[in-house]
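Residue strings, one per chain:
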Amino acid sequence: GSNMGELRTLYPEINENFSKMLKVDDVHTIYYEESGNPHGIPVVFLHGGPGGGTTPTGRRYFDAKAYRIIQLDQRGSGQSTPRACLENNDTWHIIEDIEKIREELSIEQWLVFGGSWGTTLALCYAIKHPERVLGLVLRGIFLGRREDITWLYEKGGVSEFFPEAFDRYTSIIPEDERHDIIGAYYKRLTSEDRQTREEAAREWSIWEGSVMTLHPVPNVEESAGEINFALSVATIECHFWMNEMFWGGDDNWLLNNVDVIKDIPTYIVHGRYDVDCRPINAYELSKKLNNCDLDFVISGHSSAEPAIVDALVRATDKFKEILKK
């Protein structure tokens, strides 16, 4: 770990230089923004979830004097419209959207930065477009396999660390449906009835929020339970899990295809006590890469954890030196 002496903290708040809505097809319009130095090292920030959306805090992992920071809200997320829409919403469409934004901004190559589902997407993007990627900064590796999903949402994984939160999460599902909690939630999240959808979204999101951090978050019901956030994150996640990441049946698609990017400079930070995405994910990935720095830090999963912020800011500072324009 890199926790010698003072922990690094986020860079100061900045405003965006501009934001735009990009119509990508008949259904979806994607919100994206640029901040930092328009002539700096381009970096694209890939948010988690799927369905999480970006926040102004995302800009602060980067030195604004050195980086041209591009953030986008993936389909159905954040300020992209329509919110929580599942039509044409899959991994490959999101990757096309990222490419459309890159082309619209005339960026040749960029650093790709992502956390959680953002690591899954960053790896998919790099595998499909390796020539566009200057490097990868990845936090909280999620390999998207069936075992990674059942670990978090079904009985027998995280449920054993957070039994009381798991009890609450399963309480809205009748006993006879609990053999397939994800399927039961999907039925409710896609229900015709608004109240059913909202209750399911809130409980799914609060469950996730409860297991994210090393120390309990006091206001998890307000933050994770905020209904617009909960609806997009719960509905889109459940849709991706039900469709197995749209990998066409290859459960281990990432590790099976990662060879293409094994020489791209990669920095991985992963919480040693991340129960949301297990550390073994990061370890297995790192063993398949030749140019990878793996840093296990004392934290949970959340990108707001002090040890994770420290490691990410150090990583973007290191890339700043390597990639200086």
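Before going into details, it helps to say that this report is about the structure given with it. (Residues numbered from 1 in each chain as written. Predicted model: local features only at pLDDT ≥ 70, side-chain atom pairs only at ≥ 80, totals over all residues. Heavy atoms only, no water.)

With that settled, the discussion passes to the overall build of the chain. Within the chain, the secondary structure is distributed over 11 helices and 8 strands. Compactness check: the chain gives a C-alpha radius of gyration of 19 Å against a globular reference of 20 Å for 325 residues, within 12% of the reference. Taken along its principal axes, the extent of the C-alpha atoms in the chain is 60 × 45 × 40 Å. Each of the 325 residues in the chain was classed as buried or not, and the buried ones make up 58%. Accessible surface, the chain: about 13700 Å² in total, of which carbon and sulfur atoms supply 50%. Charge separation in the chain, taken as the distance between the mean sites of 34 positive and 52 negative side-chain charges, equals 5 Å. (Helix = DSSP H or I, 4+ residues; strand = E, 2+ residues; numbered from the N terminus. Rg over C-alpha atoms; globule rule 2.2 N^0.38 Å. Buried < 20%, exposed > 50% of the residue type's maximum accessible area, 1.4 Å probe, protein only. Areas by Shrake-Rupley, 256 points an atom, 1.4 Å probe, with all protein chains shown as cover. Lys, Arg positive; Asp, Glu negative; His and termini not counted. Charge placed at Lys NZ, Arg CZ, Asp CG, Glu CD.)

Time to look at the layout of surface pockets. The space that makes up the largest pocket amounts to roughly 1200 Å³. Around the largest pocket, the lining comprises 50 residues; the ones closest to its centre are Gly52, Arg139, Met212, Phe229 and Ser303. Looking at the lining of the largest pocket, the elements with two or more residues in it are strand S3 (41-46), strand S5 (110-115), helix H3 (146-153), helix H6 (194-210), helix H7 (220-223) and helix H8 (227-242). Per element, the largest residue contribution to the lining of the largest pocket is 6 residues, and it comes from H8. When the residues that make up the lining of the largest pocket are grouped by side-chain class, the tally is 19 nonpolar, 24 polar and 7 charged. Its boundaries defined by the atoms lining it, the second largest pocket holds a volume of some 200 Å³. Arg83, Ala84, Leu86, Leu189, Thr190, Arg194, Arg197, Asn228, Leu231 and Thr235 together form the lining of the second largest pocket. If you list the elements that add at least two residues to the lining of the second largest pocket, you get H6 and H8. (1 Å grid on protein atoms, 1.4 Å probe; cavity = no way out; pocket = protein on both sides within 12 Å on 5 of 7 lines; lining within 4 Å. Points joined across faces, edges and corners; volume = space filled by probe spheres on them. Nonpolar A, V, L, I, M, F, W, Y, C, P; charged D, E, K, R; others polar.)

All right, on to helix H1 (residues 91-104) then. With 14 residues, H1 extends 20 Å from end C-alpha to end C-alpha; this agrees with the ideal 20 Å at 1.5 Å per step. Taken residue by residue, H1 has Thr91, Ile94, Ile95, Asp97, Ile98, Glu99, Ile101 and Arg102 as its buried positions. One or two steps after H1, the chain reaches serine 106, where phi turns positive at roughly 50°. (Expected span 1.5 Å × (residues − 1).)

A cluster of nonpolar side chains, namely Leu214, Tyr273 and Ile298, defines an oily patch on the protein surface of about 310 Å² accessible area. With respect to the helices and strands, the residue isoleucine 298 is situated in the loop between strand S8 (292-297) and helix H11 (306-323). In this structure isoleucine 298 comes out as exposed when scored by relative accessible area, which is 52%. (Patch = residues over 30% accessible without salt bridge, like charges linked within 9 Å, V, L, I, M, F, W, Y side chains within 5 Å. Salt bridge = Lys/Arg side-chain N within 4 Å of Asp/Glu carboxyl O.)

Enumeration over the complete set of coordinates arrives at 1 cavity of 30 Å³ or more. In this model, the largest cavity occupies a volume close to 30 Å³. Residue lining of the largest cavity: Gly144, Arg145, Glu244, Trp247, Gly249, Asp250 and Asp251, and that is the complete set.

A separate point is the packing of helix H4 (residues 163-170) against H6. One can describe the packing of H4 onto H6 by two numbers: an axis separation of 9 Å at closest approach and a directional angle of 170°. It follows that H4 is roughly antiparallel to H6 by the angle criterion. Every residue of H6 that contacts H4 at Ala165, Phe166, Arg168 and Tyr169 is listed here: Glu203, Trp204, Ile206, Trp207 and Ser210. (Axes fitted to C-alpha atoms, helices over the stretch in contact; angles between N-to-C directions. Parallel < 35°, antiparallel > 145°, perpendicular 65-115°, else oblique. Contact = heavy atoms within 4.5 Å.)

In this structure the tally under the stated criterion is 29 salt bridges. Put simply, aspartate 25 and arginine 75 hold a salt bridge, and the shortest N to O gap is 3.1 Å. With aspartate 25 in the loop between strand S1 (16-23) and strand S2 (29-36) and arginine 75 in the loop between strand S4 (67-72) and H1, the pair connects residues that are 50 residues apart, well separated along the chain. In terms of burial, aspartate 25 and arginine 75 fall into one category: buried. For the salt bridge of aspartate 63 with lysine 320, the shortest nitrogen-to-oxygen distance reads 2.9 Å. In this pair, aspartate 63 is assigned in the loop between S3 and S4 and lysine 320 in helix H11, connecting sequence segments 257 residues apart.

Bringing the packing of helix H5 (residues 181-189) against H8 into the picture now. Relative orientation of the contacting elements H5 and H8 amounts to 130°, with a least axis distance of 10 Å. In this view, H5 runs oblique relative to H8, as classed from their interaxial angle. Of the two possible hands of crossing, H5 and H8 adopt the one that is left-handed. Taken together, the residues of H8 that come into contact with H5 (itself represented by Ile182, Gly183, Tyr185, Tyr186 and Leu189) are Ala234, Thr235, Cys238, His239, Trp241 and Met242. Looking at the contact of H5 with H8 residue by residue, the classes come out as 8 nonpolar, 3 polar and no charged. (Left-handed = near helix turned anticlockwise from the far one by under 90°.)

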